[in-house]
Amino acid sequence: MLSSDITDKTRTWLGLLAAVLIVFFMLFNRLGDLALLSPDEGRNAEVAREMLVSGNWLVPVYNGLDYLDKPAFYFRTVALTYAVLGVSETSARLSSALAGCGLLLVLYAFCRREYSARTALLAVMIVATMPLFMVFSRYVIFDMTLAFFVCSSIFAAYVAETTPDEAQRKRRHYLAAALGSVATLVKGPVGFIIPLLVITLWRLVERQPGALRRIFSPLHIAIFLLIVAPWFAGVSYHHPDFPYYGIVKESLSRFGTSEFQRTQPFYFYAVIIASCFFPWSALLPEGLARLWQCRAQLRSADRLLMVWTLAVVLFFSISQSKLPGYILSTTVTLGILIARVFALAMENADNRIAHMIMRALAGIAFVCAAIGAFFWFELKQPEKLHALLQIKDAYWTPWPAALNSLVVTLAAVGALALYARLRRSLTLAFAAFLALPLALVTVNFDLMQIYGAGRSSRELARQFNELTPETEVACIRCFPGGLAFYLQRELTVFSDVGDEFTSNYIIFALKNSAERPHQVADPARIDSWLASRKHPVYLVAEKAMLPLLENAAAHANTPVRQLNEQYWATLLTAPSAPVAQELR
């Protein structure tokens, strides 16, 4: 008996150690080695940097322009990280990584309460290695922080509803309301809509309609107003157009119209789950079907997770605006359900669930073989693969070696999956599921690095190192994402409507403003603008504007320099004379 207890304790500690190592490698390993991707990471990192510099913690600004596309909360977390660690790619991403880590801790606590320590550890490892979860934990964007507060709110409400003590139930409901309110501060109304939708549907499925009186308690509404109203009132005071923009344009129009050009087919999220949850998605078709067949035997927590998954996927499938990050919280729900599958199989290895896992291994091996074979054959004709992947010439050189390494990894993972199936080993099977995601952030990390290099302004910014501080950088109908962050300076942009900033609010504000801010110059008046400069101007343009740039350089007798495949520039040391034709 004593030996058995020691063995169980050893397994628990080994499982905990494995979970900690997996979380570290998936969320934190080489966090700053990847250049900030354009446009999202470069923009969000710069908004947070400008917040720190300006000290304006209420209204975010981007390149000196008010940026009200999203609330300030997330930018504050990044700015605070800058204040402690300095401005860098690592500190820009650390907020999302910590939010992802925090969500895994909340998930662990929920599973320990509802299921077992084994299920909790399995769930942590499964969710951490889902590609969608990993990417958003290492990305400078709002979604992981939103997922932390949304999931925490739902879990707190569930615990409240399943707590018999009335005083504790109220306190936990207050906590759920507060967490949903903070989620609203992260990304707007979706922060409270999703928790309310999920908990309401779950209680209806549980045939507890009376619980809705508790959920929609006036005191919960008061908590929401206490947390959200000061921010909303403050921003609206400084920007009277914000209530209309935030509620009508950013929320209702995004959900109900195609105005934001993010429309996708209704089945979009089925594709996202199949691909961005792989290899764990190999278990979902048969696993979810089996759960539905035995739904009468499911626990209340299981039903919550199923309702949660369906509610989120259907809600955003109806929406006219669809992005992968919108269903990020379902990595948690499906991850826990998959952990339940593995835990049940490990309790009785000779059951139908274990056989289902073995069948999923064959699917993993097939997918790895198919992808590996595709790249192996295509690499024999790298020119065709280069064209197929649409990679810029300057960044192509390291790709063949990185893809060859990926082919080896896929072959190894496929072989491990088949070996686990042959041995009928659930431990090896779990290792096979973990192997590919772990490889992507370790032995195949160079693949992400070279991908990021081609979608970042980090290398471009190094072409500006010789500029003096008084030199003004002006971009003609372009605004390289992240360039302002890497240069740590404000840029002037010649723009018609402001779409170069990839900000819907900036476009909205420019359209409804009688005067242009100094950061946004009129392209039709470039000659008069240049004539007004009393300092050197570094003029940057894309290929479409190259003739104008060459004309400006010819008048100033300065050379045009190609910065990379996309951008050219010329340094006008005395731009007071007319140097460019009018843009029409």
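Everything below is about the structure printed above this text.
Anyway, here's the lowdown on the structure attached to this text. Remember, predicted model here, so these are calculated numbers, not experimental data. (Residues numbered from 1 in each chain as written. Predicted model: local features only at pLDDT ≥ 70, side-chain atom pairs only at ≥ 80, totals over all residues. Heavy atoms only, no water.)

### Remarks on the packing of helix 9 (residues 190-205) against helix 15 (residues 300-318)
Helix-helix packing is characterised by the crossing angle of the two axes and by the distance between the axes. Put simply, the rule reads: Every axis corresponds to a line fitted to the C-alpha atoms, with the helix fit spanning only the stretch in contact, and the corresponding angles, defined between N-to-C directions, vary from 0 to 180 degrees. Where helices and strands are cited, they refer to DSSP runs of H or I of at least four residues and of E of at least two residues respectively, numbered from the N terminus. In these notes the angle categories are as follows: under 35 degrees is roughly parallel, over 145 is roughly antiparallel, 65 to 115 is roughly perpendicular, and the rest is oblique. Note: crossing handedness is left-handed where the near helix turns anticlockwise from the far helix by less than a right angle, and right-handed where it turns clockwise. In what follows, residue pairs with any heavy atoms lying within 4.5 Å of each other are defined as contacts. Polar here means any residue other than Ala, Val, Leu, Ile, Met, Phe, Trp, Tyr, Cys and Pro, which are nonpolar, and Asp, Glu, Lys and Arg, which are charged; Gly is therefore polar.
At their nearest, the axes of helix 9 and helix 15 sit 9 Å apart, and the two run at 130° to each other. In terms of orientation, helix 9 and helix 15 fall into the oblique class. Remark: the crossing between helix 9 and helix 15 carries right-handed chirality. Residues Val-190, Ile-193, Ile-194, Leu-197, Val-198, Ile-199, Leu-201, Trp-202 and Val-205 of helix 9 lie in contact with helix 15, whose contacting residues are Ser-300, Arg-303, Leu-304, Val-307, Trp-308, Ala-311, Val-312, Phe-315 and Phe-316. A per-class count over the contact of helix 9 with helix 15 returns 16 nonpolar, one polar and one charged.

### Re helix 9
The cut-off we apply is this: Each helix should span, by expectation, one fewer than its residue count multiplied by 1.5 Å. The cut-offs for exposure are 20% and 50% of the maximum accessible area for each residue type, with area from a 1.4 Å probe on protein chains only; residues under the lower value are buried, those over the upper are exposed, and the others partly exposed.
Over its 16 residues, helix 9 runs 22 Å from end to end, which matches the ideal 22 Å to within 8%, given 1.5 Å per residue. Along helix 9, the residues classified as buried are Gly-191, Ile-194, Pro-195, Val-198, Ile-199, Thr-200, Trp-202 and Arg-203. Backbone geometry just after helix 9 places Arg-207 at a positive phi near 60°.

### Here we look at empty space enclosed by the protein
Our working definition: For each structure, a 1 Å grid was placed over the protein atoms alone; sets of points admitting a 1.4 Å probe that cannot get out are labelled cavities, open sets with protein on both sides within 12 Å along at least five of seven lines are labelled pockets, and lining residues have an atom within 4 Å of a point. Grid points are joined across faces, edges and corners, and a volume is the space filled by probe spheres set on the points.
In this structure the tally under the stated criterion is two cavities of 30 Å³ or more. Around the largest cavity sit Leu-283, Leu-284, Gly-287, Leu-288, Leu-291, Leu-334, Leu-337, Ile-338, Val-341 and Met-356, which together line it. Of all the secondary structure elements, the ones that give two or more residues to the lining of the largest cavity are helix 14 (284-293) and helix 16 (330-347). For the lining of the largest cavity, a count of residues per class yields nine nonpolar, one polar and no charged. For the second largest cavity, the calculated volume is near 30 Å³. Lining the second largest cavity are Leu-58, Pro-60, Leu-68, Lys-70, Pro-71, Ala-72, Trp-231, Val-235 and Phe-242.

### A closer look at the pairing of strand 3 (residues 472-476)
Here is the rule: One requirement defines pairing of two strands: DSSP has to find at least two bridges between them.
Of all five residues in strand 3, five are buried; the element is thus mostly enclosed. Here strand 3 shows two buried faces, one formed by Glu-472, Ala-474 and Ile-476 and the other by Val-473 and Cys-475. Taken together, the three bridges between strand 3 and strand 4 (residues 492-494) define a ladder with parallel strand orientation. Looking at the pairing, Ile-476 lines up with Phe-494 of strand 4.

### Focus on the environment of Ile-199
Locating Ile-199 in the fold gives a position in helix 9. What makes Ile-199 buried here is its relative accessible area of 2%. For the pair Ile-199 and Glu-161, spaced 38 residues apart in sequence, the C-alpha separation works out to 9.5 Å. Each residue touching Ile-199, except ones within four places of it in the same chain, is listed here: Ile-154, Ala-157, Tyr-158, Ile-215 and Leu-304.

### Thoughts on the pattern of salt bridges
Rule in force here: Here, a salt bridge means any side-chain nitrogen of Lys or Arg that lies within 4 Å of a carboxyl oxygen of Asp or Glu.
Evaluation of the coordinates by the stated rule reveals 17 salt bridges. For Glu-114, the salt bridge identified is with Arg-113, shortest N-O distance 2.3 Å. By relative accessible area, which is 14% here, Glu-114 ends up buried. For Arg-113, a relative accessible area of 38% translates into the label partly exposed. Among the salt bridges present, the one from Lys-187 reaches Asp-143, with a minimum N-O distance of 3.1 Å. Of the two residues, Lys-187 sits in helix 8 (residues 166-187) while Asp-143 sits in helix 7 (residues 143-161), which places them 44 residues apart along the sequence. Taken individually, Lys-187 and Asp-143 each receive the classification buried, so the pair is uniform in this respect. The network of salt bridges with common partners includes Glu-161, Arg-203 and Arg-214.

### Here's the deal with the packing of helix 12 (residues 242-256) against helix 24 (residues 504-511)
Axis separation between helix 12 and helix 24 bottoms out at 12 Å; the angle between their running directions is 125°. Viewed along their axes, helix 12 and helix 24 adopt a mutual orientation that is oblique. For helix 12 against helix 24, the interelement crossing comes out right-handed. Within the contact between the two elements, helix 12 uses Tyr-244, Tyr-245, Lys-249, Glu-250 and Arg-254 and helix 24 uses Asn-504, Tyr-505 and Phe-508. Per-class residue counts for the contact of helix 12 with helix 24 are four nonpolar, one polar and three charged.

### Some details on the packing of aromatic side chains
The condition that has to hold: Two rings belonging to Phe, Tyr or Trp (six-membered ring only in the last case) form a pair when the distance between their centres is within 6.5 Å. Interplanar angles under 30 degrees mark stacking, angles over 60 mark edge-to-face geometry, and anything in between is tilted.
Per the stated rule, a full pass over the model turns up 38 aromatic pairs. Centroid distance Phe-75 to Phe-142: 5.3 Å. Interplanar angle 85°. Geometry classified as edge-to-face. Taken together, the residues span a long stretch of sequence, with Phe-75 in helix 3 (residues 73-85) and Phe-142 in the loop between helix 6 (131-137) and helix 7 at a distance of 67 residues. An identical accessibility class is assigned to Phe-75 and Phe-142; each is buried. Among the aromatic residues, those joined into a cluster by ring pairs are Tyr-62, Tyr-67, Tyr-74, Phe-75, Phe-142, Phe-479 and Phe-501.

### Observations concerning the environment of Val-78
When you line up the elements, Val-78 lands in helix 3. For Val-78, a relative accessible area of 0% corresponds to the buried category. Leaving out residues up to four positions away in the same chain, Val-78 has contacts with Ala-48, Ser-91, Ala-92 and Ser-95.

### Quick notes on the sheet that holds strand 6 (residues 537-542)
Spatially, 5-4-3-6-8-7 is the arrangement adopted by the six strands of the open sheet, whose pairing is mixed. The sheet is open, and its two borders are formed by strand 5 (520-521) and strand 7 (561-562), each paired with just one other strand. Where strand 6 meets strand 8 (residues 567-572), six bridges bridge the pair, whose relative direction is antiparallel. Directly across from Leu-539, in strand 8, lies its bridge partner Thr-570. Those strands touched by helix 26 (residues 546-556) are strand 3, strand 6 and strand 8, and its axis lies near 20° from that of strand 8.

### Examining the environment of Ala-556
Inspection of the secondary structure puts Ala-556 in helix 26. For Ala-556, a relative accessible area of 27% corresponds to the partly exposed category. For the pair Ala-556 and Leu-252, spaced 304 residues apart in sequence, the C-alpha to C-alpha distance is 50 Å.

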